[in-house]
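So you can see what is in the structure, the chains are spelled out below.
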Amino acid sequence: MQLKRLFAGAAVLAVAGTSFAASPLKGQPIGTAECFDYGKNMKSTTVNTVVNLFDGDPETFFATYEKAYTWGGLDLGQPHVITRIGWTARNIKNGERAVILGLFEGANSPDFSDAVPIAIVKDGQGDSVMNYIDVNVSRGFRYVRYVGPSGYRCQVAELEFYGEPGEGDDSRYYQLTNLPTVYVNTVNGEIPYDKEHEIPCTVTIISEDGKEVLSKSAGIRERGNASREFPKKPYRIKFEKKTSVLDAPAEAKKWTLLNNYGDKSLMRNILSFETAKMLGADYVPFCRAVDVVLNGEYKGCYQLCDQIDVRENRVDIDELTPEDNSGEALTGGYLCEIDGYADQEKVWFTTSRYFLPVSFKSPDEDDITPEQLNYIRDYFNEVERAFPSDNNPEPMGYPYRDVFDTPSFIRHMLTNEVAGNTDCYWSVYMIKRRNDPKLYTGPVWDFDLGYNNDWRVYPVTSRSGNSYLWDCGAASAAGNMRYLAQRVFLKDESTTAEILDIWREARRAGFSADWLLELIDRTAAELDESQTLNFKRWPILNEKVHMNAVAMGSYESEVEFVRSYIRGQIPHLDQVIGFDPYSDPILSGVAESAVAMVSWYVEGNLLHVDGDGEISLYTLDGRAVYNGPASTSITLPANGVYILRSGEKSWKILY
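So, a few notes on the structure that sits alongside this text. (Residues numbered from 1 in each chain as written. Predicted model: local features only at pLDDT ≥ 70, side-chain atom pairs only at ≥ 80, totals over all residues. Heavy atoms only, no water.)

### Some points on the overall build of the protein chain
- If you tally the helices and strands in the protein chain, you get eight helices and 28 strands.
- Counting only C-alpha atoms and orienting by the principal axes, one finds that the protein chain spans roughly 95 × 75 × 45 Å.
- When burial is assessed residue by residue, the protein chain has 56% of its 655 residues classed as buried.
- Across the protein chain, every contact between residues at least 6 apart in sequence was considered, and the portion connecting residues at least 24 apart equals 68%.
- If you sum the accessible surface of the protein chain, you get close to 27,200 Å²; carbon and sulfur atoms cover 47% of it.
- Averaging the locations of the 66 positively and 94 negatively charged side chains of the protein chain gives two centres separated by 4 Å. (Helix = DSSP H or I, 4+ residues; strand = E, 2+ residues; numbered from the N terminus. Buried < 20%, exposed > 50% of the residue type's maximum accessible area, 1.4 Å probe, protein only. Contact = heavy atoms within 4.5 Å. Areas by Shrake-Rupley, 256 points an atom, 1.4 Å probe, with all protein chains shown as cover. Lys, Arg positive; Asp, Glu negative; His and termini not counted. Charge placed at Lys NZ, Arg CZ, Asp CG, Glu CD.)

### Things to note about the pattern of salt bridges
- Applying the stated criterion across every chain, the model contains 32 salt bridges.
- As a salt-bridge pair, Asp247 and Arg288 come within 3.4 Å of each other at their nearest N and O atoms. With a gap of 41 residues between them, Asp247 in the loop between strand 13 (235-243) and strand 14 (252-258) and Arg288 in strand 15 (residues 287-294) connect regions that are remote in the sequence.
- Judged by its relative accessible area of 22%, Arg288 falls in the partly exposed class.
- A salt bridge links Arg563 to Asp521, with the nearest nitrogen and oxygen atoms 2.7 Å apart. In this pair, Arg563 is assigned in helix 8 (residues 555-577) and Asp521 in helix 7 (residues 513-537), connecting sequence segments 42 residues apart.
- Connected through salt bridges with shared partners, the residues Asp306, Asp309, Arg311 and Arg314 form a single ionic network. (Salt bridge = Lys/Arg side-chain N within 4 Å of Asp/Glu carboxyl O.)

### Regarding the packing of helix 6 (residues 493-508) against helix 8
- Closest axis-to-axis distance for the helix 6/helix 8 pair is 10 Å, and the angle between their directions is 140°. Classed by the angle they form, the pair helix 6 and helix 8 counts as oblique. Of the two elements, helix 6 crosses helix 8, and the hand of that crossing is left-handed. Taking contact as the criterion, the partners of Ile499, Leu500, Trp503 and Arg507 in helix 6 are, on helix 8, Ile570, Leu573, Asp574 and Ile577.
- Per-class residue counts for the contact of helix 6 with helix 8 are six nonpolar, no polar and two charged. (Axes fitted to C-alpha atoms, helices over the stretch in contact; angles between N-to-C directions. Parallel < 35°, antiparallel > 145°, perpendicular 65-115°, else oblique. Left-handed = near helix turned anticlockwise from the far one by under 90°. Nonpolar A, V, L, I, M, F, W, Y, C, P; charged D, E, K, R; others polar.)

### Observations concerning the packing of aromatic side chains
- Going through the model one piece at a time under the given rule, you end up with 31 aromatic pairs.
- An aromatic cluster is present here, built from Tyr354, Phe387, Tyr400, Phe404, Phe409, Tyr425 and Phe489 joined pairwise through their rings.
- Directly above the aromatic system of Phe112 lies the positively charged group of Arg145, at a separation of 4.0 Å from the ring centroid. (Phe/Tyr/Trp six-rings, centres within 6.5 Å; stacked < 30°, edge-to-face > 60°. Lys NZ or Arg CZ within 6 Å of the ring centre and 35° of its normal.)

### Re the sheet that holds strand 18 (residues 348-350)
- Pairing in this open sheet of five strands is antiparallel, and the strands run 18-19-17-20-21 from one edge to the other. Two strands close off the open sheet at either side, each with one partner strand: strand 18 and strand 21 (439-441). This sheet shows a mean twist of 35° between the axes of neighbouring strands, independent of strand direction.
- Alignment of strand 17 (residues 334-339) against strand 20 (residues 427-432), held across six bridges, turns out to be antiparallel. The residue of strand 20 that forms the bridge with Ile338 is Val428.
- The strands that helix 3 (residues 370-386) touches are strand 17, strand 18, strand 19 (357-362), strand 20 and strand 21; relative to strand 17, the one it contacts most, it runs at about 60°. (Pairing = 2+ DSSP bridges.)

### With respect to unusual backbone geometry
- A cis amide bond links Ser362 with the next residue in sequence, Pro363, at an omega value of -5°.
- Structurally, the position occupied by Pro363 is in the loop between strand 19 and helix 3.
- In this model, Gly442 is joined to Pro443 through a cis peptide bond whose omega is 5°.
- Although it is not a glycine, Asp446 adopts a positive phi angle of roughly 70°.
- Mapped onto the secondary structure, Asp446 falls in the loop between strand 21 and helix 5 (481-489).
- For Asp446, a relative accessible area of 28% puts it in the partly exposed group.
- Positive phi outside glycine occurs at His546, with the angle close to 55°.

### Some points on the nonpolar core
- In this structure, Phe404, Phe409, Tyr425, Met481 and Trp503 are the most contacted members of the largest nonpolar core, which totals 97 residues.
- Listed in part, the 38 residues of the second largest apolar core include Val50, Val116, Tyr146 and Leu176. (Core = buried A, V, L, I, M, F, W, Y, C linked by side-chain atoms within 4.5 Å.)

### Remarks on the packing of helix 4 (residues 406-419) against helix 5
- At their nearest, the axes of helix 4 and helix 5 sit 12 Å apart, and the two run at 115° to each other. Here helix 5 runs roughly perpendicular to helix 4, going by the angle between their axes. The hand of the helix 4/helix 5 crossing is left-handed. Contact residues: helix 4 offers Thr406, Phe409, Ile410 and Met413, while helix 5 offers Met481, Leu484, Ala485, Val488 and Phe489.
- For the contact of helix 4 with helix 5, the class distribution of residues is eight nonpolar, one polar and no charged.

### Section: helix 3
- With 17 residues, helix 3 should reach 24 Å at 1.5 Å per residue; the first-to-last C-alpha distance of 25 Å fits that figure.
- Taken as a whole, helix 3 has its buried residues at Gln372, Leu373, Ile376, Tyr379, Phe380, Asn381, Val383, Glu384 and Ala386.
- Taken together, the buried residues of helix 3 touch strand 17, strand 18, strand 19, strand 20 and strand 21. (Expected span 1.5 Å × (residues − 1).)

### Section: the environment of Ile82
- As for its position among the elements, Ile82 is in strand 4 (residues 71-89).
- Among the residues examined, Ile82 registers a relative accessible area of 2% and is labelled buried.
- For Ile82 and Val135, which are 53 residues apart along the polypeptide, the C-alpha to C-alpha distance reads 6.4 Å.
- Ignoring sequence-local partners within four residues, the contact set of Ile82 consists of Leu25, Leu76, Ile118, Val135, Val137, Val144, Phe161, Tyr162 and Gly163.

### Thoughts on the pairing of strand 8 (residues 141-147)
- For strand 8, the buried fraction is high: six of the seven residues fall into the buried class.
- Both strand 4 and strand 8 contribute to a ladder of six bridges, which runs antiparallel. Residue pairing for strand 8: Asp75 is matched across the bridge by Tyr143.
- Judged from the five bridges that link them, strand 5 (residues 103-107) and strand 8 form a sheet pairing that is antiparallel. When the sheet's bridge partners are listed, Phe104 is paired in strand 8 with Tyr146.

### Considerations on the state of the cysteines
- As enumerated under the stated definition, the model contains zero disulfides in all.
- Free cysteine Cys301: the closest other cysteine sulfur is in Cys287, separated by 9.8 Å. (Disulfide = S-S within 2.5 Å.)

### Some remarks on the sheet that holds strand 25 (residues 624-629)
- In space, the four strands of this open sheet follow the order 25-24-27-28, with antiparallel pairing throughout. The outermost strands of the open sheet, each flanked by one partner alone, are strand 25 and strand 28 (649-654). For this sheet, the mean angle separating the axes of adjacent strands, direction not counted, is 15°.
- Across six bridges, strand 27 (residues 641-646) lies against strand 28 in antiparallel orientation. Residue pairing for strand 28: Leu644 is matched across the bridge by Trp651.

Following this line, the structure appears as structure tokens:
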């Protein structure tokens, strides 16, 4: 008992600082009832229970039977503004690991349905000692708790909360990192388990360093296809009422949380969406990196994006109703998807010529009428018949350009081409507007396999001649989508000039390798704090997951891998498309930083460099590897870091 008193006294001194009056708050212990008896290796309700968290003895501990979504805390009897938290990890070897990503919450409902974060354990700080976190949340809470990270049975030896009685206010909440925090609490703690069943929840989004808070009733379910197979699940959120989140332009009920499990840079979608904007796409989905917590468990760094649907500031076309079954109303609008997974949907069809599997986004499969289904199916087949064929180069009726919008198709292709995206023709959104004869392509979506991230075609940069998608060499395609693309890009001579016009316009507007590299650097800096937590939750940097061609071993190397790809891809596209930035009358007069004089990329153990003048390549310790003309290929002698120099510019190369 004397040891217990000394331990508790030390905690009081550490919390109080120069004041010896502060002491841990008292309350009724609450928490997960089913615990684990290590001695008997069985479930228990009397051994290692939540009361051990508050007994002042670091040798006793709390351990739950289940390994996820378990917790222990206090009912304080009345709201308190929490100012500091103390905890002690269980006294075992590396016991501090069991609390990393453990999360502290405050709530005023006994079921914690209104819980919000007040702190998270980001690093192990030693077992058998009291560790502290200062809390800067202005709201008062009656109920406070610790939610253990997944896989560790919520193992903590001691827990202390400090604060003052009071309701507090909403002037300051807690953000896990510099990114907005999306906090989801489901009814009865139920975990989303499929794409069909929507679980009621409360969604709280904390941003602007805790000064902006949005909290709404909603539903949550899983989303996606292949991405649902990952341990880090993707989700769809549906608010009860139309809601504007963060700085998104649309007000809508449905929003997506993309998991980016196989994209270890966590930015491939961000880069591609911004590329689509530069290429003049009519609509590009809103996208914002966020941290996600579900029922008190940290899930990782996600991207909060638009759900692709019909509404203002998304796909802005007329929205069909069940009554729109004749006349002009029947002609649109339709938002469809040429979809490699269409056969998993309740309503879909296959076109007659290119066997394209088509599913529905608007009207959705629950609302589309037989008349609307028949109209859009006949329309797709009519568009296909307008395309020339080998046996019929001059199609019957009208030219395909009268019913198929080539500029939007080209912008879609070029966005995917910049990324080298092997999913380009596996999923293609198509739009049919009301009283408009043309079929439009877009918006762009799904780039986790881009930027050399698909082992089936790695390295994308090894190809020669035509560009990767322009010659329709996609790794996967829905139906015969690649043959339709060939008709546009390879069989129609006028398309070549159209591609050059769109590319030139984007390049003159500032799109370049340097622009993308600066975006990568800026995004990596923004994601840095969050990616650290993400890869503690999902330690996969040394693993090949999904379609990964390589595992780089660190986040910095994953980002450099994307940079290296971009340095080679943009000059390659310039060449393929027939655009010379150095002789362009507008770009030739701009500063060197806008048009890189030297471009490079790594393929295997070869460093390919293209440009003017002389270059030098050194190892990190200063040994010279190459000095000579810029246009060359250099064999890298060993794995490591190299410095490439051209005049006053230099680049760090990871191999």
